[in-house]
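# Commentary on secondary and tertiary structure
Residue-level listing of the chains:
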Amino acid sequence: MNTPMISPNVVVCDSSADAARYVADLLASAIRSQPEMILGLATGGTPVDVYRELIRQHREADLDCSRVTSFNLDEYVGLPSAHPQSYRYFMQQHLFKEAGFSSANTHVPDGMAADLDQYAKQYEQLISQSGGIDLQLLGIGHNGHIAFNEPGSAMESRTRVVELAEETINANSRFFESTDEVPRRAITMGIGTILEARKIVLMATGESKAAAIADALEGVCDPSNPASALQRHANAVVVLDPPAASRLGS
Ligand code: PGA
């Protein structure tokens, strides 16, 4: 691919709490200026404080999320929406219910769909029919994955069913009773899908993400390193705390 490389903007905040506030403010100001925006959302430990701050702004500062349409990045295959570790459940608990989203406007891939391949195509269509994602929030895995695009995923990949990497299963086992309970497959937006968002905000905190961040921003841009895809996006910002930024420029 001959896409020119563009370095994402990097913002290093003073602490992980400041990073969460910074990201929440980016999302909140986007919602305030475009209340019917299309927002791409992420799950995991990283966005929890971002969502808490959005809820606070909804309650205390008139942030109206009722007309936002949201699309989540991914979902485990085989977990029903009522399962406490499903990403639909996570989003209901950590954001949608408390921040006044209208449930008809929130989309999380359905990991229980009878025909997952067909469903993945429909999810893509739904995103395009909505006009495309205005702002996509992302985390990053220790192995550089974005959403569940593990190393080896094509830069042009679309929403599809994937096998989770062993590292991801181990990292996510902290949310389950045991590693055996972590689903082995997921449905995820592709890297190509994510790159079509008009703006991308990737947040990472903690020393354990430092190597993945350095590789994403300063390493080669290829499928061995999914987050390096951001080097191809003209409007991406990476928001870090000092430990996550500690290996940059070395
Ligand atoms: P985490 O996950 O926020 O729980 O660290 C991020 C990711 O795997 O994308």
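The rules behind each value
- Residues numbered from 1 in each chain as written.
- Predicted model: local features only at pLDDT ≥ 70, side-chain atom pairs only at ≥ 80, totals over all residues.
- Heavy atoms only, no water.
- Phe/Tyr/Trp six-rings, centres within 6.5 Å; stacked < 30°, edge-to-face > 60°.
- Pairing = 2+ DSSP bridges.
- Helix = DSSP H or I, 4+ residues; strand = E, 2+ residues; numbered from the N terminus.
- Contact = heavy atoms within 4.5 Å.
- Axes fitted to C-alpha atoms, helices over the stretch in contact; angles between N-to-C directions.
- Buried < 20%, exposed > 50% of the residue type's maximum accessible area, 1.4 Å probe, protein only.
- Right-handed = clockwise from strand over helix to strand, strands pointing away.
- Expected span 1.5 Å × (residues − 1).
- Arc of directions from axis to C-beta.
- Polar contact = N/O pair within 3.5 Å; in protein donor to acceptor, adjacent residues only side chain to side chain.
- Near = heavy atom within 4 Å.
- Areas by Shrake-Rupley, 256 points an atom, 1.4 Å probe, with all protein chains shown as cover.
- Nonpolar A, V, L, I, M, F, W, Y, C, P; charged D, E, K, R; others polar.
- Parallel < 35°, antiparallel > 145°, perpendicular 65-115°, else oblique.

The next subject is the packing of aromatic side chains. Applying the stated criterion across every chain, the model contains seven aromatic pairs. A connected cluster of aromatic rings, assembled from ring pairs, spans Tyr76, Tyr87, Phe148 and Phe176.

Moving on, we come to the sheet that holds strand β1 (residues 9-12). Spatially, β1-β10-β9-β6-β2-β3-β5 is the arrangement adopted by the seven strands of the open sheet, whose pairing is parallel. Since the sheet does not close on itself, it has two edges, and those belong to β1 and β5 (106-107), each with one partner. Summarising the sheet, strand β2 (residues 38-41) and strand β6 (residues 135-138) pair through two bridges and their orientation is parallel. Bridging from a neighbouring strand, Gly40 pairs with Gln136 of β6. The sheet strands contacting helix α1 (residues 16-33) are β1, β2, β6, β9 (199-204) and β10 (236-240), and the helix crosses β9 at an angle near 160 degrees.

Turning to the pairing of β2, a few remarks are in order. Residues Ile38 and Gly40 of β2 are buried on one face, and the alternating residues Leu39 and Leu41, pointing to the opposite face, are buried as well. With four bridges joining them, β2 and strand β3 (residues 69-72) adopt parallel strand pairing. Note that in β3 the partner of Leu41 across the bridge is Asn72. Note that the unit made of β2, helix α2 (residues 48-60) and β3 has a crossover that is right-handed.

Here helix α4 (residues 116-129) spans 20 Å end to end across 14 residues, near enough to the 20 Å set by a 1.5 Å rise per residue. For α4, the full list of buried residues reads Leu116, Tyr119, Ala120, Tyr123, Glu124 and Ile127. Relative to the axis of α4, the buried residues are bounded by an arc of 145 degrees and lie together on one face. Away from its buried face, by an angle of more than 90 degrees, α4 presents the exposed residues Asp117, Lys121, Ser128 and Gln129. Buried residues along α4 sit in contact with β3, β5, β7 (160-163), β8 (185-188) and α6 (191-195). With a side-chain oxygen positioned 3.3 Å from the backbone nitrogen of Asp117, the residue opening α4 is Asp115. One or two residues past the end of α4 sits Gly131, with phi positive at roughly 105 degrees.

Another aspect to go through is the site of the ligand. Close to the ligand lie Gly44, Gly45, Thr46, Gly139, Ile140, Gly141, His145, Arg174 and Lys209, which account for all nearby residues. Contact distances for the ligand include 2.9 Å between an oxygen atom and a side-chain N or O atom of Arg174. Between the ligand and the protein, one listed contact pairs an oxygen atom with a side-chain N or O atom of Lys209 at 2.6 Å. When isolated, the ligand has an accessible area of 280 Å², and the protein chains bury 84% of it. Tallied by class, residues from the shell around the ligand come to one nonpolar, six polar and two charged.

Attention now moves to the packing of α2 against helix α3 (residues 87-96). Look at α2 against α3: their axes get within 9 Å of each other, and the N-to-C directions meet at 45 degrees. It follows from the interaxial angle that α2 and α3 lie oblique. Counted together, Val48, Tyr51, Leu54 and Ile55 of α2 and Phe90, Met91, His94 and Leu95 of α3 form the full contact between these two elements. Residue composition of the contact of α2 with α3, grouped by class: seven nonpolar, one polar and no charged.

Coordinates in, geometry out; function isn't part of it.
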